[in-house]
Structure formats: structure tokens, C-alpha cells
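# Secondary and tertiary structure notes
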Amino acid sequence: MTAAADSAPERIDTRDTTPWSTYIVVFLAPAAIVYTIFSIYPLFDTIRLSLYAQDANGAVSFVGPGNFVTLLTDPRWSGPFWNALKNNLVFFAVHMVVQNSIGLALAVLLSLPALMGRNIYRTLIFLPTMLSVVIIGFIWQLILSPLWGVARGFLASLGAGSWFAPWLGLEGTALVTVSLISVWQFVGIPMMLIYAALLNIPDDLVDAATVDGANQWRVFWHIKLPLILPTLGVVAILTFVGNFNAFDLIYAMKGAIAGPNFSTDILGTFFYRAFFGYQLQAGSKTMGATVATVMLGIILVGVLLYLFGVQRRLQRHAL
Amino acid sequence: MIGFAGLPRPGRIAVHAALVLYTILAIGPILLVVMNSFKARKAIFGSPLSLPDGTSFSLIGYDSVLAKADFGLYFVNSLVVTVASLFFVLLFGAMAGWALTEYRFRGNLVLGLYLAIGIMVPIRLGSVSILSMMVDLGLVNTLVALILVYTAMGLPLAILILGEFMQQIPKDLRDAARCDGVSEYRIFFAVILPLIRPAVATVAVFTMVPIWNDLWFPLILAPGRNTQTVTLGVQQFIGQYVTDWNAVLSSLTLAIAPILLLYILFSRSLVRGLTAGAVK
Amino acid sequence: MADVSLAGVSKSFGSVQVLKDINLDVKDGEFVVFVGPSGCGKSTLLRIIAGLERVSAGEIRIGGERVNDVPPAGRKIAMVFQSYALYPHMTVYRNMAFGLKFTRAGKAEVDRRVRHAAEILQLTPYLDRKPRALSGGQRQRVAIGRAIVRDPAVFLFDEPLSNLDAALRINTRIEIAKLQRDLKATTIYVTHDQVEAMTLASKIVVINQGRIEQIGSPLDLYHRPANLFVAGFIGSPKMNFIKGADGKAATLGVRPEHVVEGDRPDMGLRVAGTVDAVEHLGESSFIYMKLDDGTPFIARTPGDTRAEVGQRLSFGAAEAQVHRFDTEGRALAPG
């Protein structure tokens with residue numbers, strides 16, 4: 001066929017550069033000012049504070065990387081820090097594996113064409129995500145409490161009553177239990193994002209693949225999954241940032257001590273204790289800033305890895 | 001597409017079974033708490049899975065919550081903080097989003113990226129410094145402190161979503177207004193703002209829910225008796241009366257109720273926002 | 001190669017019936033075009049033949065075999081979509097090879113077929129590109145290539161030209177006609193554009209509101225429309241309709257290109273009115289008139305016709321060119 005006059009179309013931005021004028025300043029100033037003072041400045045100031053130490057009288061002196069050395073080498077700090085980091089990794093791993101695969105599965109089911117009751121399912125399954133983490137934490141604490149016995153009764157009705165244990169109270173199971181409660185609450189987010197991505201795949205593509213002889217499973221594997229990979233990337237980084245910044249759930253269920261025996265301690269609760277102190281130890285502004293800076297570093301590494309490693313490869317396809 | 005309708009009958013039943021089971025798992029625990037909050041203590045423990053009936057029905061939990069905790073105040077505090085933050089996030093966010101998408105000035109891209117940092121980097125990590133600042137400003141234990149922080153927290157996402165939405169408004173519309181000699185301010189307030197109403201609804205929900213639910217900043221910046229929000233108030237109340245099951249269940253139900261109501265009212269626009277661009 | 005036959009095909013979506021009792025035979029090697037206004041059900045009918053929709057009633061046969069319950073892949077068909085439906089994450093090569101992945105064809109055979117199709121369609125230099133890096137016309141050719149490699153018994157086209165600009169559309173139209181002649185494949189093509197239908201089809205099926213209005217060759221439909229709908233749909237500009245000008249017929253019809261200026265008693269139809277607008281196209285002119293009873297009327301006249309807006313003119317047509325329709329809109333036999 002003829003190839004005449006069909007070079008690839010190009011979109012050209014034809015806007016001129018406008019000079020800065022009063023109205024541009026007026027439009028931008030309120031957001032820029034509030035955001036700079038209460039978001040960006042505190043972050044940088046926290047990094048600055050991490051380089052100082054405060055003595056008992058409240059006098060502040062520059063110590064360079066001293067706080068970081070303390071955090072990583074002083075046994076009073078390094079033990080809890082590595083414990084919190086390890087627990088946080090477990091917390092994250094449970095979310096990545098359980099939350100995101102259930103979210104994907106639910107999204108796939110919900111996106112089946114001609115499914116009846118789709119909106120009702122979607123709305124109800126998303127409901128827990130809307131509620132406060134604190135409330136969710138208490139609700140599950142009650143349900144799993146041996147005092148109330150609802151969970152035990154439920155298992156017993158399934159003939160598995162002997163499986164019951166006070167999971168939240170046992171050092172070996174508390175962390176995974178708390179992680180699963182968080183998964184239960186937030187599964188709606190990956191579900192919705194993936195569902196939206198699946199709906200965005202044009203019907204024609206699925207029809208074309210069907211005509212090409214692909215069954216439903218192959219359509220999913222060869223067409224849909226590759227096309228929603230960028231969304232799975234977004235889900236992964238959102239999960240990462242959310243998990244390494246989590247605090248409310250553990251604090252509500254287990255308090256700042258993150259018991260039993262710090263087995264549910266994650267970086268968020270560790271940060272809180274460093275900052276405000278607890279029974280055994282006085283709080284320290286500068287050590288709090290140090291922990292926050294480390295958390296910031298971890299999150300930045302994750303975000304940068306995503307932006308320059310993952311997202312580049314998972315380019316969005318113009319559909 | 002054949003899709004669901006094309007599945008064999010057992011396949012269709014299996015899909016519904018899976019979804020129904022998961023739906024029960026998702027809302028069962030919430031229903032359980034709400035249900036039992038209306039029961040007497042004996043029934044809570046005796047038959048937790050049954051609905052309250054003539055003999056088991058009791059409002060004793062609510063009586064004791066309302067007597068021991070100032071729930072009315074918590075609600076007002078949460079409402080003031082949420083509504084005020086929401087107002088500033090939407091107004092400032094729309095203005096900045098408009099400037100960034102409409103005008104091509106020097107530093108446009110850099111400023112856009114700067115304002116986007118907050119999408120990925122949690123403002124919480126600056127808490128040490130935020131607290132010092134609020135102490136210096138004399139704003140500790142005031143709702144103003146919370147409003148300022150939440151405004152800063154909500155802006156990045158609002159700017160991004162509203163800006164993207166504004167880009168889809170036909171350029172002719174603004175150019176027509178400019179030919180008529182309308183000022184840039186009036187174009188924004190009279191032409192653009194009314195057109196982005198659907199996006200505003202979406203951003204409103206995204207912004208509102210985390211603010212209403214937050215525990216961290218109320219705990220750090222405004223833990224005083226008079227400035228407690230619902231989330232913090234409930235957390236403190238339960239910590240204190242952990243053995244009073246009626247009161248605990250009632251306080252949880254009271255805390256859930258407003259969000260539940262809001263969700264029922266706005267779930268359509270929320271879902272539309274989450275699945276934006278995927279309307280079929 | 002195969003023939004396609006539809007017997008009593010109906011389709012409802014909920015309570016809405018979109019296709020009503022469709023009966024149609026497509027012979028082996030024929031180029032059949034479904035034409036009709038948008039929403040008439042023509043695309044649904046094509047998708048039923050493809051197996052992408054199920055029928056509510058009726059029977060579909062391809063190559064003599066009943067295929068109602070055969071999935072699309074088993075029907076020996078290939079389909080070209082309006083949006084092209086190219087897989088955005090696959091190269092041109094993989095797009096074309098995708099459908100062969102699930103057949104018994106070996107790697108070498110797949111490669112041979114893809115390269116052969118690319119050759120025919122002049123796509124060889126683009127095989128490693130993603131669809132995003134192609135122009136509209138090239139994407140269109142990939143979509144056709146994907147159909148060719150499957151070596152189908154029946155080609156299905158769903159408005160394949162509507163996303164192309166006017167010049168490219170005419171080019172591609174000619175290429176599709178040539179390709180169909182070379183491959184001698186049974187082809188069913190859906191369009192809302194009657195010009196495409198007239199130029200491509202060996203047989204046109206006019207569909208309106210879920211029913212077949214008429215089946216026939218392009219010239220058949222032009223010269224002997226079975227009813228008012230077909231008469232008005234085929235031909236451009238539209239046929240003029242004049243109400244009750246004749247004792248026998250409820251409506252008279254005459255095409256703009258068949259009227260001549262003047263008022264002679266031997267004419268089968270005579271009208272007069274005031275000129276509303278005149279368009280000079282060079283080789284001909286269109287005179288838009290309002291007849292005395294308010295009916296609009298278009299005449300196509302020689303290019304150098306002089307007519308002024310507001311002028312009174314008379315037109316007529318030879319009896320052989322006049323179409324007559326009864327009160328139900330059905331064409332009456334001539335004479």
C-alpha cells in the first residue's frame with residue numbers, strides 16, 4: 001500500500017513563554033508559601049537538626065554525623081533501630097505479596113464485562129479504606145481478643161477452633177497479624193487503581209486478541225497484564241512509601257512500645273519514641289530528627305529507584 | 001466483548017462467590033462493632049453475632065461515652081480542621097494548578113517539580129521541626145496549627161490533579177474570554193473554576209479523608225483537652241476505658257458514623273475520581 | 001475460503017432489540033458491505049459473525065458449518081477494527097505474529113507468513129517498531145497485516161477507514177479493493193459511508209433500525225431502491241422527495257442529477273419553485289430550491305448554469321427517472 005503522506009504525527013507545544021507578571025505571582029504565591037513553610041522547610045530543618053546534639057540543659061551543639069554513628073553503633077539505639085527496620089521490611093513484604101495480589105485479583109474479577117452488582121461490590125470492599133486506621137486497629141483488637149471470643153467462635157464454627165491463639169499478644173505472630181490487619185484495610189487502594197487501569201484497556205484490544213485465538217487467561221497474561229504494569233509500579237511505590245511512614249495502626253493497637261517486646265516496632269513508632277521518649281528513656285529532638293532523616297533517606301532511595309529504574313522500563317503505552 | 005457473560009455457569013457462580021466472600025470479610029468486622037454497640041454487655045459476650053433485639057437492645061454504651069467524653073467537641077474540632085484545610089487546599093491548589101498549566105513562565109517546570117515533592121515525601125518526617133515551629137509561633141494546642149499543616153500536606157496532589165484537569169478544558173474557551181478583554185483573574189474565577197467542579201469533588205474526597213482520620217498530627221501538635229479531634233479523642237477514650245466494652249463499641253461506632261454517612265453520599269464521585277478517565 | 005449465511009438472526013441487549021430476523025447469504029469470494037446510519041446494528045451484526053457477540057436467536061453458518069457456539073478463534077475469520085486495536089506493547093512483528101502463537105504453526109512458518117504480509121503491505125522496514133511510532137496509515141496497514149497472516153476464510157472490516165484523513169481514505173479504499181481481488185477472500189465490510197459502500201462492494205446490504213432494508217449490487221440499489229429509506233440513503237446529494245404529486249403514489253422521488261431545467265408536458269415529473277442558494281462546483285452546479293408548497297428540492301445542473309437567488313425556476317425529469325413509493329414507503333413497480 002502507499003506510504004505517501006503518512007509520517008508519524010508530532011504534537012508541538014505552541015505556547016509562547018510569558019514573562020512573569022503580577023497575576024502569575026498572585027496565583028502561585030499562597031500555595032508556594034504555605035507548602036514551603038510547613039512542608040519543605042521542616043523537612044530540611046529536620047535534616048539540619050540531625051547534625052546537632054542537645055545536652056541536658058537544652059543547649060544545642062553541632063556534632064556532624066555523630067547522631068548517625070550513635071544510631072548505628074550505640075547498642076541502646078542500634079538494636080531497636082535494626083529491629084524496627086527489619087520489622088518494617090516484613091510489614092512491607094506482607095503488603096506487597098498479600099495486599100497487592102488480592103487487590104489485583106479483586107480488580108480482575110470486578111472488571112469482567114457484564115458482571116452484575118459490580119458497583120456494590122466495589123463500594124463495600126473499598127469501605128474499610130475510608131475509615132481511620134485507629135478505628136480499624138481497635139475493631140480488630142476487639143475481634144481477635146480472647147476475652148470477646150468472636151474470632152475463636154468463628155473458627156470453631158468452621159471446625160478449626162483449636163487454631164485460635166491470641167495472635168496479637170504473641171511475639172511470634174503479632175507483627176504478621178498487624179500487617180494483615182493493615183492489608184485488610186488498604187486492599188481497596190490497589191484494587192481501585194488496577195481496576196481503573198483495566199477499564200482503560202480498550203475493548204477492541206481484547207476483542208482483537210479473542211479473534212486472534214487467545215482465551216480469557218491468555219488475554220489477561222499477554223494483553224492486560226503488560227498494559228497494567230505501569231499501574232502495578234505505582235501501586236508498589238505507594239505501598240512502599242505508605243509502609244515506611246506507617247505509625248497510627250501500631251500506636252493504636254500496641255502503643256508506642258510496640259509490644260509484645262518490640263515485636264511490632266516499625267520505623268514510625270521508633271521515630272515517635274526517639275522524639276518523645278518513653279518509660280526507659282527521655283525523648284530527644286535531635287535523635288528524633290536523626291531517625292526521621294534516616295526514614296527520609298530510605299523513602300527517597302525507594303522513590304528514586306522507582307523513578308529511574310522501574311518507571312523508565314515500564315513506559316506507558318499510548319493506547 | 002464476551003467476558004463475564006461468556007463464562008460458563010459454574011465460572012460465573014465462582015466469581016460471585018469469591019466477591020461475596022470478600023465483601024463479607026471487608027464489612028463484617030465493621031458491622032459486628034456497630035451491631036454490638038447497641039447491645040447490653042451480657043448480649044455482647046453471649047451472642048456477639050446476632051442483631052440486637054428487644055431484650056438485648058441497650059444504649060448504655062452511648063450513655064457512658066457521652067457522659068465521660070466530650071464527643072460533641074471532638075466532632076466540632078474535626079469538622080473545623082477538615083473543612084478549613086479543605087477550603088485552602090482547593091482554593092490555593094486550583095490557583096497554583098492553573099498558573100502552572102496555563103502560563104509558560106521561566107521556572108515553570110522547576111516549580112512544578114518542587115510542588116510535586118510532597119506527593120512522595122511524607123510531611124510527617126518533618127514533625128520535629130514542625131513542632132518547634134509551632135511552639136515558637138505559639139500555635140501548639142490550636143486548631144490553626146493543624147489547618148496549616150494539613151493545607152501544606154494536601155496541596156501537592158491537589159495541584160497535580162486539578163492542573164491535569166484544567167489542561168483538558170478547551171483552549172478556545174480561555175482565548176475567547178481574553179479576546180473579550182476579561183482579566184486573568186476573572187477567567188480563572190468565572191470561567192475555569194466552575195468548569196472543574198467534578199475534579200474538585202474528587203480532590204475534596206482525597207484530601208478530606210486522610211485529614212479526618214489522622215492521628216499523628218493531633219497527637220503531636222494539639223493533644224490538649226480542648227483541641228482533640230475525633231480520632232485522637234476516641235484513641236484516648238478507649239485507652240482509658242478499655243474494659244468498658246459497651247463504651248468502647250459505642251465510641252467506635254460514633255467515630256465511624258460521619259465517614260460512613262459521607263461515603264454513602266459521595267461514593268459515586270469518589271469512585272469516579274479513583275477510576276478517572278475510565279468512564280465507560 | 002468460505003461462504004457465510006445468516007438465518008433468522010436476532011439480537012437483544014436487555015429489552016432493546018438491535019437486530020430483527022436477519023437473513024443473508026454471502027457467497028464465497030464476495031465483497032459484501034453493510035451500510036446504514038450509525039446505531040442501525042450493522043457493527044453488532046459483524047461482531048455476531050466474528051463470534052464477539054452471541055445471537056439471541058437464529059443461526060450463523062460459515063463454510064456450511066453452524067458456528068453459533070464456536071469461539072471467534074475457531075471460525076476462520078480475521079477482523080480489522082476501527083481503532084485498529086494494535087497491541088501497544090508489542091512491535092509490529094509481534095502484533096502480526098500474536099494470533100499465530102496459539103495455532104500449530106511453527107516458528108519458521110510464522111516468520112514466513114509475517115514477512116510475506118509485511119512485504120505485501122510495505123511494512124518490512126517497520127517490523128521492529130511499536131505502533132506508537134507509526135502514522136495512522138501505517139497502523140491501518142498493520143491491522144490489515146494482522147488479519148492477512150491468519151489466512152482466514154472470511155475477512156471482517158469494521159469501519160476501517162474512519163480514522164484516516166480524506167486523501168488517505170481514498171488511497172486505502174483502492175488498496176483494500178485490490179487486496180481483496182488478489183486474495184479472493186470472502187469479505188464483509190461495515191461502513192456508514194455510502195460512497196465507500198458503492199465503490200467497494202460487489203453486494204451491498206442496507207441496514208436500518210436492526211432490519212435489512214435491501215440487498216443488491218451498488219447499481220441495483222441506485223437505480224431500483226426498494227423503499228424510501230434506501231432511495232434516500234444511497235446517492236449524494238440525496239434523492240428529492242415530493243409528496244402526493246401523483247394519483248397513484250404517495251411520494252415521488254427523483255435524483256438531483258436526473259432533473260433538467262424547463263417545463264415540458266412529456267416529463268414524468270414537473271416542479272417549480274424559488275432558488276434559495278446556488279453552489280458552483282465547476283463541472284456542475286447545485287441549485288437549492290424551495291418548491292411552492294415549501295418542500296426543499298436540489299437540482300444538479302451543468303457547470304455554467306446561471307441562476308440567481310430568489311429567481312423562479314421550473315425543473316422536470318423523464319418518466320424513466322422518476323421513482324414512485326406507496327404510503328408505506330415501498331417502491332411501486334414502474335408504469
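Sequence order sets the numbering: in each chain, residues are counted from 1 along the sequence as written. Going through the entries in the order they are written, you letter the chains from A and number the ligands from 1. Since the coordinates come from a predicted model, pLDDT governs what is reported: local features require at least 70, and pairs of side-chain atoms require 80 or more to be given and counted, while whole-chain, interface and lining totals use all residues.

Before going further, it helps to examine the overall build of chain C. Each helix corresponds to a stretch of at least 4 residues labelled H or I by DSSP, and each strand to a stretch of at least 2 residues labelled E; elements are numbered beginning at the N terminus. Looking only at helices and strands, chain C features eight helices and 18 strands. Taken along its principal axes, the extent of the C-alpha atoms in chain C is 75 × 45 × 35 Å. Counted over contacts in chain C with a minimum sequence separation of 6, partners at least 24 positions apart contribute 63%. We call two residues in contact when the distance between their C-beta atoms, placed using the backbone, is within 7 Å.

Turning our attention to the sheet that holds strand β16 (residues 296-302) of chain C. Residues and elements named next belong to chain C. Think of it this way: DSSP has to see at least two bridges between two strands before they count as a pair. An order of β13-β17-β14-β15-β16 is seen for the five strands of this open sheet, with the pairing classed as antiparallel. Sheet topology places β13 (260-261) and β16 at the edges, where each strand pairs with a single neighbour. Pairing between strand β14 (residues 269-280) and strand β15 (residues 284-291): seven bridges, direction antiparallel. Within the sheet, the bridge partner assigned to Val-275 lies in β15 and is Met-289.

To continue, consider the environment of Leu-225 of chain A. Mapped onto the elements of the fold, Leu-225 of chain A is located in helix α10 (residues 216-243). In the structure, Leu-225 of chain A is positioned 122 residues away from Gly-103 of chain A in sequence and 14 Å away in space, judged by C-alpha atoms.

Moving on: the pairing of strand β12 (residues 251-254) of chain C. Residue and element names in this part refer to chain C. With burial as the criterion, each face of β12 is covered, one bearing Thr-251 and Gly-253 and the other bearing Leu-252 and Val-254. Pairing of strand β11 (residues 240-243) with β12, which is carried by four bridges, proceeds in the antiparallel orientation. Residue pairing in the sheet places Asn-240 in a bridge with Val-254 of β12. Both β12 and strand β18 (residues 323-325) contribute to a ladder of three bridges, which runs antiparallel. Once C-beta atoms are placed from the backbone, each residue is buried if 20 or more other C-beta atoms lie within 10 Å of its own, exposed if 12 or fewer, and partly exposed for counts between those two.

We now examine the interface of chain B and chain A. With 70 residues of chain B at the interface, the matching set in chain A holds 72 residues. With eleven residues, helix α2 (residues 9-36) of chain B is the single largest residue contributor to the side of chain B that touches chain A. Polar here means any residue other than Ala, Val, Leu, Ile, Met, Phe, Trp, Tyr, Cys and Pro, which are nonpolar, and Asp, Glu, Lys and Arg, which are charged; Gly is therefore polar. Grouping the amino acids of the side of chain B that touches chain A by side-chain chemistry returns 52 nonpolar, 13 polar and five charged.

Attention shifts here to the domain arrangement of chain B. Segmentation into domains, and thus their bounds, comes from an automatic or database assignment. By domain assignment, chain B separates into domain 1 (4-59) and domain 2 (69-240). Taking only C-alpha atoms into account, the centre of domain 1 of chain B sits 36 Å from that of domain 2 of chain B.

So, about the packing of helix α1 (residues 22-49) of chain A against helix α7 (residues 127-137) of chain B. With their axes 7 Å apart at the nearest point, α1 of chain A and α7 of chain B run at an angle of 110° to one another. Put simply, α1 of chain A runs roughly perpendicular to α7 of chain B. Contact with α1 of chain A, carried on its side by Phe-38, Pro-42, Asp-45, Thr-46 and Leu-49 of chain A, involves Val-128, Ser-129, Ile-130 and Met-133 of chain B of α7 of chain B and no other residues of that element. Grouping the constituent residues of the contact of α1 of chain A with α7 of chain B by class yields six nonpolar, two polar and one charged. Fitted lines through C-alpha atoms give the axes, limited to the stretch in contact for helices. The angle between two N-to-C directions lies from 0 to 180 degrees. Roughly parallel means an angle under 35 degrees; roughly antiparallel, over 145; roughly perpendicular, 65 to 115; everything else is oblique.

All names here are of chain C. Across the sheet, three strands lie side by side as β11-β12-β18; this open sheet has antiparallel pairing. The open sheet is flanked by β11 and β18, the only strands paired with a single partner. Going across the sheet, the axis of each strand differs from the next one's by a mean of 25°, ignoring polarity.

Right, let's talk about helix α9 (residues 203-211) of chain A for a bit. In terms of burial, α9 of chain A is largely enclosed, as seven of its nine residues are buried. For α9 of chain A, every residue scored as buried is listed here: Leu-205, Val-206, Asp-207, Ala-208, Ala-209, Thr-210 and Val-211 of chain A. Structurally, α9 of chain A contributes buried residues whose contacts are with α10 of chain A together with α1 (42-50) and β6 (77-80) of chain C.

Glancing now at the confidence of the model for chain C. pLDDT is a residue-level measure of predictor confidence that goes from 0 to 100. With 98% of its residues at a pLDDT of 70 or more, chain C has an overall mean of 90. Predicted as a complex, the structure gets a pTM of 0.85 and an ipTM equal to 0.88.

With that settled, consider the pairing of strand β4 (residues 57-62) of chain C. All names here are of chain C. Bridge count for strand β1 (residues 4-13) against β4 is five bridges, and the pairing is antiparallel. Residue pairing in the sheet places Leu-6 in a bridge with Ile-60 of β4. Here β4 hands over to strand β5 (residues 65-66) after two residues, with Gly-63 in that stretch at a positive phi of 60°.

Now for helix α8 (residues 188-199) of chain A. Residues and elements named next belong to chain A. Here α8 is twelve residues long and its end C-alpha atoms lie 16 Å apart, about the 16 Å a rise of 1.5 Å per residue gives. Among the twelve residues that make up α8, ten are buried, leaving the element largely enclosed by the rest of the structure. Of the residues making up α8, those classed as buried are Gly-188, Pro-190, Met-191, Met-192, Leu-193, Ile-194, Tyr-195, Ala-196, Ala-197 and Leu-198. Under the convention used throughout, the expected extent of a helix is 1.5 Å for every residue step, that is, one less than its residue count.

All right, on to unusual backbone geometry then. Residues and elements named next belong to chain C. The peptide bond linking Ser-236 to Pro-237 adopts the cis configuration, its omega dihedral lying at -5°. Mapped onto the fold, Pro-237 is located in the loop between α8 (228-233) and β11. Here the phi dihedral of Asp-21 falls at roughly 45°; this positive angle occurs in a residue that is not glycine. Relative to the elements of secondary structure, Asp-21 occurs in strand β2 (residues 16-26). Judged by the 15 C-beta atoms lying within 10 Å of it, Asp-21 is partly exposed. Not every positive phi belongs to a glycine, and Gln-209 is a case in point at roughly 50°. Mapping Gln-209 onto the fold places it in the loop between β9 (203-208) and β10 (211-216).

Another point: the environment of Leu-24 of chain C. Residues and elements named next belong to chain C. Considering the arrangement of structural elements, one finds Leu-24 in strand β2. In the structure, Leu-24 is positioned 16 residues away from Gly-8 in sequence and 8.8 Å away in space, judged by C-alpha atoms. Look past the residues within four positions of Leu-24 in its chain and what remains in contact with it is Ser-5, Leu-6, Val-205, Ile-212 and Ile-215.

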